[in-house]
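Coordinate analysis (summary)
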Amino acid sequence: VNLSDVRFLVFDEADQMLDKGFVTAAKRIAEACRPERQLGLFSATISPKVQELITDLFAGADVIRAKDSNRFVEKLITKKRYVKRGIRFPHLKDELEGRIVPGGTLIFVNTREQCDEVAEQLRADGKECVVYRGEMDKRERRMNLKAFREGKVDLLVSTDLASRGLDVDRV
């Protein structure tokens, strides 16, 4: 592919594009474009490590931050739990007990398989939920997200697909 005519290059989710697995390709793409091209890097999260990469790879780049970027979320509570032999569901069940926010509790899992497994366990426990993950029918995924957005379903089980670009009130 000849990119010598590219005048504008945009990397969305730049934090992901500058990850170890993509940084070489991202740099090659940028270098294949005309030298005077404009480059836009967008991301909701830029770690100090990624910021350092941006500075090193794309010298002279202007960084524009949203007013509240890197703002500490005061209501965020983190807990560490010892999970014996991967048996996680009892811990999740305990956490959800009395804490499901009407119209907005997101449960993140690592894989598509875990997504389906956790949803199945929740349903078996009498909790209505929907799944939002890759490699599922797009219509079904949209319908599930719509039901969650509208508050028809209070639990959304997802991979990191839901961590990028979704803005859902009440979550």
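The rules behind each value
- Residues numbered from 1 in each chain as written.
- Predicted model: local features only at pLDDT ≥ 70, side-chain atom pairs only at ≥ 80, totals over all residues.
- Heavy atoms only, no water.
- Salt bridge = Lys/Arg side-chain N within 4 Å of Asp/Glu carboxyl O.
- Buried < 20%, exposed > 50% of the residue type's maximum accessible area, 1.4 Å probe, protein only.
- Helix = DSSP H or I, 4+ residues; strand = E, 2+ residues; numbered from the N terminus.
- Arc of directions from axis to C-beta.
- Contact = heavy atoms within 4.5 Å.
- Pairing = 2+ DSSP bridges.
- Axes fitted to C-alpha atoms, helices over the stretch in contact; angles between N-to-C directions.

Counted by the stated rule, this structure contains nine salt bridges. Close ionic contact of Lys 127 with Asp 125 constitutes a salt bridge, the shortest N to O distance being 2.9 Å. A salt bridge links Asp 137 to Arg 139, with the shortest nitrogen-to-oxygen separation between them at 3.8 Å. The exposure class of Asp 137 is partly exposed, given its relative accessible area of 42%.

Moving on to helix H3 (residues 48–57). Of the residues making up H3, those classed as buried are Val 50, Gln 51 and Ile 54. Looking straight down H3, one finds that the buried residues subtend no more than 105° of arc, so they occupy a single side. Exposed residues lying more than 90 degrees from the buried face of H3 are Pro 48, Lys 49, Glu 52 and Asp 56. As for H3, its buried residues are in contact with helix H1 (14–17) and strand S2 (38–42).

Relative to the helices and strands, Thr 159 resides in the segment after strand S5 (155–158). Thr 159 gets classed as buried once you look at its relative accessible area, which sits at 7%. Each C-alpha atom of the pair Thr 159 and Tyr 132 lies 7.1 Å from the other, and the pair is 27 residues apart in sequence.

Right, let's get into the sheet that holds strand S3 (residues 105–108). Taken together, three strands build an open sheet; the order of strands is S3-S5-S4 and the sheet is parallel. In the strand order of this sheet, the two ends are held by S3 and strand S4 (130–132), each with one partner. Each neighbouring strand pair of the sheet contributes to a mean axis angle of 30°, computed without reference to strand direction. Bridge count between S4 and S5: three bridges; the pairing is parallel. Of the residues in S5, the one forming a bridge with Tyr 132 is Ser 158.

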